[in-house]
Amino acid sequence: MISTAYPFPISKLLTTAKQLLYTSSLLLTTMITDWEKYSLQDETYIKVKGIRGYIWFIMDALKRSIIGYRISCERDVGSCILAMRMAFAHFKKLPEGFRFIADGYSAYVLAAQQFLREFGDNFKFDITQVIGLTNDDAVSAKFRPYKQMIERLNRTYKASYRPTNGFNNIDGANYDLALWVTYYNFLRPHKYNRYKVLNEIEDLKYISNMPGKWQMLIALGQQTILDLQSGKADYCS
């Protein structure tokens, strides 16, 4: 008689699958390398065990992909830097004419100073700050539409976050965000892009159902992990 019992506890299998999917999601985001010269950053808040936490988003202004993100307990410079490091992971030098657009929060300026100090002129960039809610200066008037893009992204994320009523722990928040970003970048049709996904993956084109697409994303992430371990792929964090 064939045993139907799993060789490992179900909880262990689920944990392993969850960790693999989380790692795959992180790697897939850093594989978006065709973004343009304008990047946008903003932060929004979530609740973890009833305590306020923060999500930092970095977005490509042209393609509107999410290219960096971070969850933190504090609205601090270190978390801002880590989100930027994720976005810049594949660069050895920032492109000519690179512009980073954010609000007036001082953490963005301090993060830019840290990149200059650590990496030199290859990562020298200024922060274009869009101040307040009204266009009281020429810079804010010119770049307000870009700021509104990432504010709209915050609202899109909040639409899926709000029914959760917050998270029970920071790990749950991290898993949820990583999977949501993967869905947003690779699986969600966007009106802006004529109801196509933002980043097409050849292996997903002929899979007609969402569970199958997620399975393929896990397989692609797992292969990337194996390539990294064997030295066949490069990744800089």
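No experiment lies behind these values; they were computed from the predicted model shown.

Thresholds, definitions, all that
- Residues numbered from 1 in each chain as written.
- Predicted model: local features only at pLDDT ≥ 70, side-chain atom pairs only at ≥ 80, totals over all residues.
- Heavy atoms only, no water.
- Phe/Tyr/Trp six-rings, centres within 6.5 Å; stacked < 30°, edge-to-face > 60°.
- Helix = DSSP H or I, 4+ residues; strand = E, 2+ residues; numbered from the N terminus.
- Buried < 20%, exposed > 50% of the residue type's maximum accessible area, 1.4 Å probe, protein only.
- Lys NZ or Arg CZ within 6 Å of the ring centre and 35° of its normal.
- Pairing = 2+ DSSP bridges.
- Axes fitted to C-alpha atoms, helices over the stretch in contact; angles between N-to-C directions.
- Parallel < 35°, antiparallel > 145°, perpendicular 65-115°, else oblique.
- Contact = heavy atoms within 4.5 Å.
- Expected span 1.5 Å × (residues − 1).
- Arc of directions from axis to C-beta.
- Core = buried A, V, L, I, M, F, W, Y, C linked by side-chain atoms within 4.5 Å.

K.L.:
Please clarify how the packing of aromatic side chains should be interpreted in this entry.
P.N.:
The geometry of an aromatic ring pair is captured by two quantities: the separation of the ring centres and the angle between the planes. Applying the stated criterion across every chain, the model contains 24 aromatic pairs. Their ring planes at 65 degrees and their centres at 5.3 Å tell us that Tyr38 and Tyr146 sit as a pair that is edge-to-face. Of the two residues, Tyr38 sits in strand 1 (residues 38-48) while Tyr146 sits in helix 4 (residues 138-161), which places them 108 residues apart along the sequence. Residue classification places Tyr146 among the partly exposed residues on the basis of a relative accessible area of 24%. Here Phe57 and Tyr157 contribute two aromatic rings whose centre-to-centre distance is 5.9 Å and whose plane-to-plane angle is 70 degrees, an arrangement assigned as edge-to-face. Placement of the pair is Phe57 in strand 2 (residues 51-60) and Tyr157 in helix 4, with a sequence separation of 100 residues. Tyr157 shares its class with Phe57; the two are buried. If you follow Arg75 out to its NZ or CZ, it ends over the ring of Tyr105, 3.8 Å from the centre. Of note, Lys158 hangs over the ring of Tyr45, and the distance from its end group to the ring centre comes to 4.2 Å.

K.L.:
Explanation requested: the environment of Ile51 in the structure shown.
P.N.:
For Ile51, the location among the structural elements is in strand 2. The spacing of Ile51 and Phe167 is 116 residues in sequence and 9.5 Å in space, taken between C-alpha atoms.

K.L.:
Help me understand the pairing of strand 3 (residues 66-72) in this model?
P.N.:
The side chains of a regular strand alternate between both faces of the sheet. Burial runs high along strand 3: six of the seven residues are buried. Sheet analysis places strand 2 next to strand 3, joined by six bridges and oriented antiparallel. Bridging across to strand 3, Phe57 finds its partner in Tyr69. In sequence, strand 2 turns back onto strand 3 through a hairpin of five residues, with Arg64 there showing a positive phi of about 70 degrees.

K.L.:
Sorry, what's going on with the packing of helix 5 (residues 170-187) against helix 6 (residues 210-230) here?
P.N.:
Between two packed helices, the angle of one axis relative to the other and the distance separating the axes together describe the packing. As a packed pair, helix 5 and helix 6 sit with axes 12 Å apart at the nearest point and diverge in direction by 105 degrees. The angle between helix 5 and helix 6 falls in the class roughly perpendicular. Residue-level inspection shows Leu179, Thr182, Tyr183 and Leu187 of helix 5 in contact with helix 6, the latter providing Met210, Lys213, Trp214 and Leu217.

K.L.:
Sorry, what's going on with helix 3 (residues 106-119) here?
P.N.:
Spacing of three or four residues puts side chains on the same side of an α-helix, whose turn is 3.6 residues. For helix 3, built from 14 residues, the straight-helix expectation of 20 Å at 1.5 Å per residue is met to within 8% by its first-to-last C-alpha distance of 20 Å. Three or more residues of helix 3 are buried, namely Ala107, Tyr108, Ala111, Ala112 and Phe115. Seen from one end, helix 3 has its buried residues packed into an arc of 140 degrees, which puts them on one side. Looking at the buried residues of helix 3, the elements they touch are strand 1, strand 2, helix 2 (77-87), strand 4 (99-102) and strand 5 (127-129). Gly120 occupies a position one or two residues after helix 3 and carries a positive phi of about 75 degrees.

K.L.:
Quick question: what am I supposed to make of the sheet that holds strand 2 here?
P.N.:
Note: strands within a sheet are paired through backbone hydrogen bonds, in either parallel or antiparallel orientation. With respect to topology, five strands assemble into an open sheet ordered 3-2-1-4-5, the strand pairing being mixed. One side of each edge strand has no neighbouring strand; the edge strands of this open sheet are strand 3 and strand 5. Taking each pair of neighbouring strands and ignoring which way they run, the sheet shows an average axis angle of 25 degrees. Pairing analysis gives three bridges linking strand 4 to strand 5, with the strands arranged parallel. Bridge pairing links Ile101 to Thr128 in strand 5. Contacting strand 1, strand 2, strand 3 and strand 4, helix 2 crosses the sheet at an angle of about 155 degrees to strand 3.

K.L.:
Sorry, what's going on with the nonpolar core here?
P.N.:
Nonpolar side chains in soluble globular proteins generally cluster together in the buried interior. Formed by 31 residues in total, the largest nonpolar core has its most connected members in Met84, Phe88, Phe100 and Phe125. The set of elements that each furnish at least two residues to this core consists of strand 2, helix 2, strand 4, helix 3 and helix 5.

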